[in-house]
Amino acid sequence: MGDYNSQIENNDNLNYNVRGQFHYIIHFRKTLNKKEKIITQRYKKIRHQVQKECDKLINYLRSPQKHKERIVGIDAASAEIYNRPEIFGVSYRKLRKMQRLLYHEYGHLTNSSYNPFKFTFHVGEDFMDIADGLRAIDESILFLQLQKGDRISHALALGVDAEEYYRRRNNILVMRKQDLLDNFVWIYIHINNKICCCTKVINRNAIKAINELLKVNIKKYGEEIFNYDLSDEKQIFTYYQSMLLRSDDPGLYTNENILNAGNDPEKHLNHPEVNNARTNPEACQYYKDYIYETDMIKKGYEPEEFKVNGNYIKIIKLLQTQITDQIQNTGISIEANPTSNFKIGYSKDYSDLPCLKTYKRKTSYGTTSGIPTSINTDDQGIFNTSIENEYRLVATALSIKKKNTYKLLEEMRQEGFDQKFR
């Protein structure tokens, strides 16, 4: 997934490519069992599956097996709508720790060419609202501790045309109540706490109007799902803090004192914002309710319809820019898969592909803007394509909109080499 080299998958989830390197790629499908009438813990089955695969890989890396240093990347691909980034937090932290251990084992050796494996995550491709895709990207960076040298695959939510996206849906979203509540809280916090200079793009009256719309709906769904009073900014922020705790091991929140994290960094995310949230008992209780309260989980799964207005679309476009800047500043790159992105995504033609809007390019001022982006094939067999065909499609799309098409293609080709894991 996302690697432009030919790959042959074997039964151990290790994909061997023509460079003689391994990418450990795990695919997770929807795990909601309709026969299950009692929900004991949100995402319990898929969390168990992810950690089981993680432990298998760690045992392999710890073993005296030959060629383990040839594993160059870890990648998780899932049915996004049903498997939030929070599910993968504990496993990615375990693997990040293993990465550091292997580096100390091999990397200090004289004349050693060993570099630790890096991480990819498939996110922002499948979503019920652009805000949902953007939130998933934001959460994956935080929860999975993605950093410079790591990659995000697809990330269509960053560059999809917001006005066209909502127009095709008649400006109506149909989503689960839980997702609407989480998205609205995430948007509200970003508008008021994280995005600078909103008024340069959107006037104050529009910001005030969208804030009021968000607060009304946050209060509504807070009451309907959790019976919370989220009517003031303090309570909205507390709920947002509970969202920051979602990559913590749920087992830490079963005791009467709610949290007993100890000193195990694998079980809880060590990040200033998250650590601060963990000191708020009410936020911890909200997270505990989110994970374990069966009735609340069921209420959150109820579908709801939401009417999108012009101010909402303006905010979404602003958030796309903000998250794009965040990724660029972090040094994460994007694996673009033109055929896959077009067939699965929301573009009307190849010239409208999100990757063409977010990729790294030189500006007239000599500075660099956008995100380093490489061209890939995704699943070659499924999409009946090749890396040559993917470049041809991008070349055709660029020639419609851009000058110096071949120069831009060469830049993206070079970025593919720069991004490769070893």
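Let me begin by describing the structure that accompanies this report. As the structure is a prediction and not an experimental result, all values here were calculated from the model.

1. Observations regarding the environment of Tyr312
Tracing the chain through its elements places Tyr312 in helix α11 (residues 310-330). By relative accessible area, which is 1% here, Tyr312 ends up buried. For the pair Tyr312 and Ile210, spaced 102 residues apart in the sequence, the C-alpha separation amounts to 6.4 Å. Setting aside anything within four residues of it in sequence, one finds Tyr312 in contact with Asp129, Ala131, Tyr166, Leu173, Phe184, Ile187, Ile210 and Phe306.

2. Description of the pattern of salt bridges
As a working rule, side chains carrying opposite charge can pair if their charged atoms are close by. One pass over the full model with this rule turns up 22 salt bridges. One salt bridge in this structure joins Asp55 and Lys94, with 3.4 Å as the shortest N-O distance. Residue Asp55 is found in helix α1 (residues 44-62), and its partner Lys94 is found in helix α2 (residues 89-107); the two are separated by 39 residues along the sequence. Since its relative accessible area comes to 32%, Asp55 is described here as partly exposed. Accessibility expressed as a relative area gives 17% for Lys94, which makes it buried. A salt bridge links Arg96 to Asp150; the shortest N-O distance between them is 3.0 Å. You can see Arg96 sitting in helix α2 and its partner Asp150 sitting in the loop between α3 (130-143) and β6 (151-154), a full 54 residues away along the chain. Of the residues examined, Arg96 reaches a relative accessible area of 4% and is grouped as buried. Salt bridges here are not isolated pairs; linked through shared partners, they connect Lys177, Lys220, Glu224, Glu302 and Glu304.

3. Things to note about α1
The end-to-end C-alpha distance of α1 is 27 Å, a good match for the 27 Å that 19 residues give at a rise of 1.5 Å each. Among the residues making up α1, those that are buried are Ile46, Arg47, Val50, Glu53, Cys54, Leu57, Ile58 and Leu61. On an axial view of α1, the arc spanned by its buried residues comes to 135°, and they lie on one face. Facing away from the buried side of α1 by more than 90 degrees, the exposed set consists of His48, Lys52 and Arg62.

4. Some thoughts on the nonpolar core
Core analysis: the biggest nonpolar cluster contains 93 residues, and Ile130, Ile137, Tyr166, Ile187 and Tyr312 have the highest contact counts within it. For this core, the element with the highest residue contribution is helix α5 (residues 177-194), accounting for nine residues. Ile187 has contacts with Ala131, Leu214, Tyr312, Ile315, Ile316 and Leu319, leaving out every residue within four places of it along the chain. Counting 15 residues, the second-largest nonpolar core is a separate cluster that includes Cys355, Leu356, Tyr391 and Leu398.

5. Things to note about the packing of aromatic side chains
Counted by the stated rule, this structure contains 17 aromatic pairs. Arranged with centres 6.0 Å apart and planes meeting at 90°, the rings of Tyr92 and Phe121 form a pair that is edge-to-face. Here the residue Tyr92 occupies a position in helix α2, and Phe121 occupies one in strand β5 (residues 118-123), the gap between them amounting to 29 residues. Three or more aromatic residues joined by ring pairs make a cluster, and in this case those are Phe127, Tyr165, Tyr166, Phe184, Tyr221, Phe306 and Tyr312. Positioned over the ring face of Tyr290 is Arg42, at 3.9 Å from the centre of the ring. Its end group placed over the ring of Tyr290, Arg246 keeps NZ or CZ at 3.7 Å from the ring centre.

6. Observations concerning the side chain of Asp138
Structurally, Asp138 can be placed in helix α3. According to the relative accessible area criterion, Asp138 is buried, its value standing at 10%. If we skip the residues at most four places from it in the chain, Asp138 touches Trp186, His190, Ile323 and Gln326.

7. With respect to the packing of α3 against α5
Contact geometry for α3 and α5: axes closest at 10 Å, N-to-C directions at 70°. Considered as vectors, α3 and α5 are oriented roughly perpendicular to each other. Between α3 and α5 lies a crossing of left-handed hand. Contact with α3, carried on its side by Ala131, Asp132, Leu134, Arg135 and Asp138, involves Asp179, Asp182, Asn183, Trp186, Ile187 and His190 of α5 and no other residues of that element.

8. Focus on helix α16 (residues 405-419)
Spanning 15 residues, α16 covers 21 Å between terminal C-alpha atoms, matching the ideal 21 Å at 1.5 Å per step. Looking at α16, one finds that the buried residues are Thr405, Leu408, Leu409, Met412, Glu415, Gly416 and Gln419. Projected down its long axis, α16 carries its buried residues within an arc of 115°, all on one side. With respect to the buried face of α16, the exposed residues turned more than 90 degrees away are Tyr406, Lys407 and Asp418.

9. Some remarks on the environment of Lys314
Looking at the secondary structure, you find Lys314 in helix α11. Looking at Lys314, the relative accessible area reads 42%, which means it is partly exposed. C-alpha separation for the pair Lys314 and Ala162, spaced 152 residues apart in sequence, amounts to 8.5 Å.

10. Thoughts on the pairing of β5
Of all the six residues making up β5, five are buried; the element is thus mostly covered by neighbouring parts of the structure. In this structure, strand β4 (residues 71-78) lies alongside β5, joined through four bridges in parallel fashion. Following the sheet pairing, Ile74 is matched in β5 by Phe119. Note that the unit made of β5, α3 and β6 has a crossover that is right-handed.

What counts, and where the lines are drawn
Residues numbered from 1 in each chain as written. Predicted model: local features only at pLDDT ≥ 70, side-chain atom pairs only at ≥ 80, totals over all residues. Heavy atoms only, no water. Helix = DSSP H or I, 4+ residues; strand = E, 2+ residues; numbered from the N terminus. Buried < 20%, exposed > 50% of the residue type's maximum accessible area, 1.4 Å probe, protein only. Contact = heavy atoms within 4.5 Å. Salt bridge = Lys/Arg side-chain N within 4 Å of Asp/Glu carboxyl O. Expected span 1.5 Å × (residues − 1). Arc of directions from axis to C-beta. Core = buried A, V, L, I, M, F, W, Y, C linked by side-chain atoms within 4.5 Å. Phe/Tyr/Trp six-rings, centres within 6.5 Å; stacked < 30°, edge-to-face > 60°. Lys NZ or Arg CZ within 6 Å of the ring centre and 35° of its normal. Axes fitted to C-alpha atoms, helices over the stretch in contact; angles between N-to-C directions. Parallel < 35°, antiparallel > 145°, perpendicular 65-115°, else oblique. Left-handed = near helix turned anticlockwise from the far one by under 90°. Pairing = 2+ DSSP bridges. Right-handed = clockwise from strand over helix to strand, strands pointing away.

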